[in-house]
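The residues making up each chain are set out below.
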Amino acid sequence: MSIPLVIGVPLSWYLILSAILFTLGVAGFLFRRNIITVFMSIELMLNAVNLTFIAFANKLGQNDGHIFSFFVMVVAAAEAAVGLAIILTIFKNRQTLEIDEVSTLKN
Amino acid sequence: MNYLLLSLIKTAVVVGVLMHTLAYLQWIERKVIAHVQLRVGPRRVGPHGLLQPLADVIKLITKEGMMPSHVNKVFYLLAPFIAVTFALISISVIPFGPIINVGGVKTGMELTDLNIGILFILGISGMGVYGVALAGWASNNKYALLGGLRSSAQMISYELPMALAIASPLLILNTLSFRQIVEKQSFYYFGFIPNWSIFHSPFPQIFAFLIFVIAAFAETNRVPFDLPEAENELVAGFHTEYSSMKFASFFMAEYANMVTVSCVATLLFLGGWQPPFPVQYGSGYIPVIIHLIAALVCFYHAANPARPFDRITLPVFGVLFLVIAGVFLIPVLQPVLLPLFWFGAKVGAILFVFIWIRATLPRFRYDQLMKFAWLFLFPVAMINLFATSLAVALTAK
Amino acid sequence: MDQILFLLFAGIAVLCGINLVLQSHPISSALSLVGVMGALALLYLQLGGEFIAAAQLIVYAGAIMVLFIFVIMLLNAGKERAVPRYLWVRWAGLPLLFAFIAAMAYIVQRILPPSGEVKFGAFTLGSAEAIGTRLFTTYLLPFEITSVLILIAIVGAIVLARKEIE
């Protein structure tokens, strides 16, 4: 892999960074047991995708990517509100945040 | 001139002025509250206690930095750092005056003019809550934890009316850059009523201004919204376990936040550094007159001293005020000093209101605080925003 | 200069991301995520997205993450219990992750033309004005639908979080 001698940053660097962050999010989602940490891993994945949107918006010279990532942020905000309310309810009913212990539908 | 060098000089000036303002704001607060309560306030260190801030700084620096054994060490040390950093960063986009020409170098009186200046301030002030929340959590103390919890809930709640209150003048002014915000408020109706946002003719933003100031009280954890550090419920709230410079960092952050919100209120609603009436009617002489009056008051009290010490100190202050009045008359310095004076006067007035309210009002109860934000402030801000946007849409050319 | 800044912020983002996954206490993870978001906001600035950078700070770091930290503090969530993992997860997990990243990097490198570099200041459509114009003309319908979505989320959150009436 030869890095071309230019002043700017190659677009691929942004995409690779996004891939690394997304993978970290997946890893956190799979390996962590705390519901809140799992939720935060999802947010990390959303952020990684946002970076891709913005990088491609720059490459293509359009700001549609910015608008998409704006929508992602709004949806993430809504998701966080509902998700955290669900976590609060779970904690109220089961007194635990371990995701493995919340595997039955009935309490 | 080199951009880097210029930025460094401006940073040095701004940091120097800001640090002194923060130190003396605390002296002013103690003096004002003392006089409201019919006391004299600090007057041991230096004439009229003027060296008290210096003494406080020396005391805080030389105190032993205690580290309680039960705290989470990383976050305990990180929290005051976060609080003070984000409080001080936001001052960097505030313009204090117009673009000036010093020795052939044209530069704006601010560190940088971002075209998203107001969003930058909102974002950075939103980060400041982490300092308080983390301090409360890392202290591993029930009072501190309650303070941190209260603070994060309060700041999230009051950010909404604050953002809505900021949005309505922005609809009129149609820009996000602070410099342009001020420049768009620079003309006068009928030649003498200033076109500031709170006087803007078809839809004055007086409600937005009031909502902004009330929300600012809550965002900076000031009385009557100082629930996070309510001393008779929570010992000292989130900074119970902090001492020496770590405590001073929280203190500085609170005052820096006060200065920032006052600056933002001045720029958004009160026309920044624009004088309240045009220069041709003699607004340039107001600072001279004010300082002359101050000098006369000093001389009068020196002639009739309340304490023997005043016979020596007050004439010195009187002469100082006379010199300042003279400096405002020098034509070369006027384009620099007059905007600074008006900006400082407006910010000072808002800061005085902060202190005045602290000396006057009792504290809210926690449920009242939340009810006030969601059932009163938020709907009013929403209605104000609707009315303003309707008016803007109807009057748009 | 651009490359140095990119590497700096990308390094911060990756380190914070790794920290998020490795820390066993949710508060540490939450703060690492705030660090990732801050670094990403700076990268957005480098890509010319001023408005998105500010929105990232205000919405993500300033509101959503504060909510997370609030809930963590409210529930007094402690450290995660260490659970014995399957043997193959312990030995194959990390190499598989690296293989996944390497495969993605390889594909990205092969597909993208080498000339696609990003210069600071070259992209000017990221201002609040440009985004606002686009949002309220081309993307008006999605915008309105999003507001309905938020309304649903508000109602849902209130229903879920209210006290049980016996």
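Reading guide: rules and limits
Residues numbered from 1 in each chain as written. Chains lettered and ligands numbered in written order. Predicted model: local features only at pLDDT ≥ 70, side-chain atom pairs only at ≥ 80, totals over all residues. Heavy atoms only, no water. Helix = DSSP H or I, 4+ residues; strand = E, 2+ residues; numbered from the N terminus. Rg over C-alpha atoms; globule rule 2.2 N^0.38 Å. Contact = heavy atoms within 4.5 Å. Buried area = accessible area lost by both parts, 1.4 Å probe. Salt bridge = Lys/Arg side-chain N within 4 Å of Asp/Glu carboxyl O. Buried < 20%, exposed > 50% of the residue type's maximum accessible area, 1.4 Å probe, protein only.

A. Fine view of the overall build of chain A. What chain A contains, in helices and strands, is three helices and one strand. Beginning at the N terminus, the succession of helices and strands in chain A can be written as β-α-α-α. Since a compact globule built from 107 residues should have a radius of gyration of about 13 Å, the 18 Å found for chain A marks it as more spread out than a globular shape. Reported as C-alpha extents along the three principal axes, the dimensions of chain A are approximately 60 × 30 × 20 Å.

B. Main features of the arrangement of the chains. No other pair of the two pairs of chains in contact has as many contacts as chains A and C. Chain A shows no contact with chain B. Their nearest C-alpha atoms sit 13 Å apart.

C. Just the interface of chain C and chain A, in detail. The interface is formed by 79 residues belonging to chain C together with 71 residues belonging to chain A. Both sides together, the interface formed by chain C and chain A hides about 7100 Å², and carbon and sulfur atoms give 75% of it. Seen at the junction of chain C and chain A, the total is one salt bridge. One salt bridge in this structure joins D64(A) and R134(C), with 2.8 Å as the shortest N-O distance.

D. Layout of helix 5 (residues 129-138) of chain B. Within helix 5 of chain B, 10 of the 10 residues are buried, which leaves it mostly tucked inside the rest of the structure. Taken residue by residue, helix 5 of chain B has V129(B), Y130(B), G131(B), V132(B), A133(B), L134(B), A135(B), G136(B), W137(B) and A138(B) as its buried positions. Of the surrounding secondary structure, the elements contacted by the buried residues of helix 5 of chain B are helix 3 (73-89), helix 4 (117-127), helix 6 (142-173) and helix 10 (244-269) of chain B together with helix 2 (26-46) and helix 3 (50-75) of chain C. Phi for N140(B), located one or two positions after helix 5 of chain B, is positive at around 60 degrees.

E. Quick look at the interface of chain B and chain C. Residue-level contacts link 22 residues of chain B with 20 residues of chain C. Both faces combined, the contact of chain B with chain C buries some 1900 Å², and carbon together with sulfur accounts for 82% of it. On the chain B side of the contact with chain C, Y130(B), W137(B) and L149(B) bury the most area, a combined 30% of that side's loss. Of all the secondary structure elements, the ones that give two or more residues to the side of chain B that touches chain C are helix 4, helix 5 and helix 6 of chain B. Here the side of chain B that touches chain C gets seven residues from one element, more than from any other, and that element is helix 6 of chain B.

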